[in-house]
Amino acid sequence: MMLAYKPYEMPGLVVFGRRWRIASDDLVFAGAFELFIRVIWWICILVLYLKKGLFMCTGGGLLHSYLIVLLILLAAIILTLSAVVYVSMQGSISNPGPRRSIPALIYVRTLLYVPELVWAVLGAVWVSNDSPGCDTSVVNAVIGAVVASWIILFFTVVAVLIVFDPLGSKRQGYLVSHGDRDLQSSQSAQLMYRARSLAARVWESRIKLLCCCIMQEKENRAAFSSIGQLFSDFFSDTDLVASDIAAGLSLLHQEQDKVEKSRDPEEVVVSPSPASHTRDDLDVELENAAHYMQFAVAAYGWPMFVFSNPLTGVCKLSRDCCRSRSPEYDIVGRDHLGCNFTSMLYTTGLQYRDFIYISFHNKIYEIPFFVALDHKKEAVLVAVRGTLSLQDALTDLSADCENLLIEGVCGPCYAHKGIMQAANYIYGKLINDGILNHVFTIAPEYKLVITGHSLGAGTAAVLSILLRSAFPGLKCYAFSPPGGLLSKPLADYSKEFIVSVVLGKDLVPRLSIPNMEDLKRSILRMVANCNKPKYQILLRCCWYEVFGGNPDDLPTELERRQQRSPSYHSLESEHPPLYLPGRILHIVEEDTTGRSCFSQVRYRAMWSSEALFCSVLISSKMITDHMPDHVLKALNSLTLDRK
């Protein structure tokens, strides 16, 4: 049920009667950069003006007037920019009061664009008509001034388009209506409905524009609408701009690091392992995971092969891509020059006759996969590709819940909609098209193993749940699966046959709508509790990320949780919590203290609880830890250490 809320007041800049996707304290760096350019420009024009004999040429009088006015105009712009930068540095993110004069300064700066444009035109006219006979340096200087003016005007227009908010005029009324307690409830509800509907349509249009190369089929339009509604609901309740989020993430990163450094190493939460989770069990699963991860990487085809082997990948593929092979396997979809299949051969070490079925077909909810015989492990292997296209990304973002009823599982059973649709597509191919029946006639004694990475891992997990009744002995190895995947009863049920492998602070296994809502609340609290100007936070962030050091000793979110926090409509009531599938094998780096930059990274593995993945951890490695080549490297390192 939608509830009215009082939005958290953030300083979204309001000028020209609308709200923009920029705050009044976002003008420090851009203003300082333009100020630096203008000062250099002013000095150069002044030096040129003081040059002797400058005006002794045709059109010299007009040149004299042009430079005088240009110097005055530049001085006015410099003074205005200085005031904008100074005022923008005042206050804090949640305290825009000291910056209340920013709109007036923006109006003044905007007015100065008019004479600047006129003078740029006059300069171009002088160069074309009256410059003959004048010193070459003078002509070049005027040309430079004209070109610089046009460049600045061009980038100003680009910047305006970037920070323009299509919902700016509507959003004002939307936010005010939520804060006005005197409005009639029906009027407030009507305004809220209109604003949310408009926001959903705007987000849907943005997604369609981004995915303009995708055919506008019926299921695609439904996905666009669903994702647009999700983004609208998530972003519509706060007045945050991009730089506020960046500052909040920086503060949250430092807070998390401070808490982690102060924690006793023995306090780290690990899963209360059942008796079956012995050391031998961990070693066996690590060895299996390292083996099957090769197939999950192979499913990405030639892009991942070249990315993982930047020096030799192209050369290896170029030798074999166009080689003709006997058609001993079924292939669906396009494989340009056979490069995808060739990379699979190199990555897995299999022979081409070991591949039974390969699909490169890719649409929303329909993702590539292959079926092969793994003679080393005596397994029929199904490997599902992860995210590698816009269609895959839309499948990822279709994050609504959909029922997944499994016999014998009690409690609410549901899963990520987009991933469940993808699993149903592959299930139909494997069962209805008879692929698995065919392969088990070839190798009836082999077991069924399903694997994948990222989106492929989530799809493999749901697919294994669908196939479990027909293949009770199947196993699934899900590498870096998305966190918002299965309801709690299904996640517990899957622990019997699914192993999820997560590396370090990987973002994707911690991604779920409740976790993102919690991250949004944390960002709001962090920026509300910090009284530093935003530019100082961002400068400190850059220094901390590049050079490290100790986190800022600021009042933390945890120390102020008792304060009244902002309230807003939450998506958690509409999107119940979803969890990682199966048992979770967590791989982390050993303590890096005292380690040189060139020493080899050492890892350790442990069975972990889903409680460790109930919040997003901000880290410089939150993206790289998700990359399949990094996961494979960590697994290979662990297996070598255990030999």
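Residues numbered from 1 in each chain as written. Predicted model: local features only at pLDDT ≥ 70, side-chain atom pairs only at ≥ 80, totals over all residues. Heavy atoms only, no water.

*Asks:* Tell me what's going on with the overall build of the chain, and back it up with residues and numbers.
*Replies:* Broken down by element type, the chain carries 20 helices and 13 strands. Taking all 643 residues of the chain together, 51% fall into the buried category. (Helix = DSSP H or I, 4+ residues; strand = E, 2+ residues; numbered from the N terminus. Buried < 20%, exposed > 50% of the residue type's maximum accessible area, 1.4 Å probe, protein only.)

*Asks:* Account for unusual backbone geometry, with residues named and values stated.
*Replies:* Positive phi values are uncommon outside glycine, yet Phe16 reaches one of about 55°. By the secondary structure assignment, Phe16 is in the loop between strand E1 (12-15) and strand E2 (18-23). Residue Phe16 is classed as partly exposed on the basis of its relative accessible area of 48%. Non-glycine residue Tyr365 carries a positive phi angle of around 70°. Turning to its location among the elements, Tyr365 is positioned in the loop between strand E4 (355-359) and strand E5 (369-374). Looking at Tyr365, the relative accessible area reads 10%, which means it is buried.

*Asks:* Any chance you could break down the packing of helix H14 (residues 417-432) against helix H16 (residues 455-467) for me, citing the residues and the numbers?
*Replies:* Contact pair H14 / H16: the axes reach a minimum separation of 8 Å and the direction vectors enclose 55°. Comparing their axes, H16 and H14 come out oblique. When the axes of H14 and H16 are compared, the crossing they make is right-handed. The residues of H16 that touch H14, namely those facing Ile419, Met420, Ala422, Ala423, Asn424, Ile426, Tyr427, Leu430 and Ile431, are Leu455, Gly458, Thr459, Val462, Leu463, Leu466 and Leu467. (Axes fitted to C-alpha atoms, helices over the stretch in contact; angles between N-to-C directions. Parallel < 35°, antiparallel > 145°, perpendicular 65-115°, else oblique. Left-handed = near helix turned anticlockwise from the far one by under 90°. Contact = heavy atoms within 4.5 Å.)

*Asks:* Account for the nonpolar core, naming residues and giving values.
*Replies:* Residues Leu430 and Leu448 are the most contacted members of the largest nonpolar core, which totals 47 residues. Elements supplying a minimum of two residues to this core: E4, E5, strand E6 (379-384), H14, helix H15 (435-442), strand E9 (447-453), H16 and helix H17 (488-493). Among residues more than four places away in sequence, those in contact with Leu448 are Val380, Val382, Leu436, Phe440, Leu467, Phe471, Gly473, Leu474 and Lys475. Val297, Tyr300, Val501 and Tyr603 belong to the second-largest nonpolar core, a separate cluster that totals 42 residues. (Core = buried A, V, L, I, M, F, W, Y, C linked by side-chain atoms within 4.5 Å.)

*Asks:* Break down the confidence of the model for the chain for me, with residues and values.
*Replies:* Chain-level pLDDT for the chain is 80 on average; 74% of the residues reach the 70-or-more range. Confidence drops under a pLDDT of 50 for residues 272-276, and excluding neighbours within four residues, the segment shows two contacts in the predicted structure. (pLDDT = per-residue confidence, 0-100.)

*Asks:* An account of the side chain of Arg510 is needed here, citing residue identities and associated values.
*Replies:* Turning to its location among the elements, Arg510 is positioned in the loop between strand E11 (498-503) and helix H18 (513-529). Of the buried charged residues, Arg510 lacks a salt bridge, with Asp506 as the closest side chain of opposite charge at 6.1 Å. Aside from chain neighbours lying at most four places away, what touches Arg510 is Gly483, Gly504, Lys505, Asn515, His586, Leu612, Phe613, Ser615, Val616 and Leu617. (Lys, Arg positive; Asp, Glu negative; His and termini not counted. Salt bridge = Lys/Arg side-chain N within 4 Å of Asp/Glu carboxyl O.)

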